[in-house]
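Architecture and fold: a report
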Amino acid sequence: MNIGTATINTKGLTLRKISLDDVQAIYTYLKSDERVTDNLIKGIHKNSEETVYMVKEIIDQYENPSFYYWGMELTETKELIGLIDLFDFDFNETKCKVGYSIGYNWWNKGYGTEALRAVIDFAFNYIKVSEISATHNTDNLASGRIMEKAGMEKEYIVKDMIINAKGQSKDCVIYSIKNN
């Protein structure tokens, strides 16, 4: 069942659709911080206009009931601290991938695990996917810990899987979780 990006509330987070009001936070905390973008294929945004363009593309897709992209908002302060999405659906086998990024100020505080657990639960219970996979660079051990804490298991390593925005080749670890 495809219901699109519905709001998900957890203990400390509200996972919600992003809007143009979020551009500054997304640019400042996620897309212009090399510590965050070093782990992403698309790399750093050179200016906030790139972020505006990205956010508008996401907003345009919210009408699609098979599109799932959330901003991670701290429930208490309403501050946007990260992004998480489900993508690359294989509807024949009901599999998909999950990806996320969190602003540096909120690393190692449990928010990534909290958001990932909530999105996995949503995908299994509402979209009825059978398996979710995720990938992290081998030099990003914290992301692997998030995946493990959310119940995902390490599958294998792919050598030279991506080339980041700096042109560096990165090995990646693939994790997955099955809906039992």
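Our subject is the structure that appears above.
For the chain, the count of helices and strands is 5 helices and 8 strands. Of the regular secondary structure in the chain, the N- to C-terminal order runs β-β-α-α-α-β-β-β-α-β-α-β-β. The C-alpha radius of gyration of the chain comes to 15 Å, within 12% of the 16 Å expected for a compact globule of 180 residues. Taking the principal axes of its C-alpha atoms as reference, the chain extends roughly 45 × 35 × 30 Å. Looking at the chain as a whole, 47% of its 180 residues qualify as buried. Sequence-distant contacts, at least 24 apart, represent 62% of the contacts inside the chain between residues at least 6 apart. Put simply, the chain shows about 9,700 Å² of open surface, and 48% of that area lies on carbon and sulfur atoms.

This part is about the side chain of His-45. Position of His-45 relative to the elements: it lies in the loop between α2 (34-37) and α3 (48-61). Setting aside residues up to four positions removed in sequence, His-45 forms contacts with Tyr-27, Lys-31, Ser-32, Glu-50, Thr-51 and Met-54.

Applying the stated criterion across every chain, the model contains 8 salt bridges. Lys-170 serves as the salt-bridge partner of Asp-139, at 2.6 Å between the closest nitrogen and oxygen. In this pair, Asp-139 is assigned in the loop between β6 (131-137) and α5 (141-149) and Lys-170 in strand β8 (residues 169-178), connecting sequence segments 31 residues apart. The closest approach of N and O atoms between Lys-159 and Asp-171, which form a salt bridge, is 3.3 Å. One end of the pair, Lys-159, is in strand β7 (residues 153-163); the other, Asp-171, is in strand β8, and 12 residues separate them in sequence.

The next point concerns the packing of aromatic side chains. Evaluated as defined, the whole model comprises 9 aromatic pairs. Centroid distance Tyr-29 to Trp-106: 4.8 Å. Interplanar angle 85°. Geometry classified as edge-to-face. You can see Tyr-29 sitting in helix α1 (residues 23-31) and its partner Trp-106 sitting in the loop between β5 (95-102) and α4 (111-127), a full 77 residues away along the chain. Taking relative accessible area as the criterion, Tyr-29 reaches 23% and is therefore assigned partly exposed. Look at Trp-106 and you get buried, because its relative accessible area is 9%. A cation over an aromatic ring shows up here: Arg-35 above the ring of Tyr-104, its NZ or CZ 3.7 Å from the ring centre.

Definitions and limits used
- Residues numbered from 1 in each chain as written.
- Predicted model: local features only at pLDDT ≥ 70, side-chain atom pairs only at ≥ 80, totals over all residues.
- Heavy atoms only, no water.
- Helix = DSSP H or I, 4+ residues; strand = E, 2+ residues; numbered from the N terminus.
- Rg over C-alpha atoms; globule rule 2.2 N^0.38 Å.
- Buried < 20%, exposed > 50% of the residue type's maximum accessible area, 1.4 Å probe, protein only.
- Contact = heavy atoms within 4.5 Å.
- Areas by Shrake-Rupley, 256 points an atom, 1.4 Å probe, with all protein chains shown as cover.
- Salt bridge = Lys/Arg side-chain N within 4 Å of Asp/Glu carboxyl O.
- Phe/Tyr/Trp six-rings, centres within 6.5 Å; stacked < 30°, edge-to-face > 60°.
- Lys NZ or Arg CZ within 6 Å of the ring centre and 35° of its normal.

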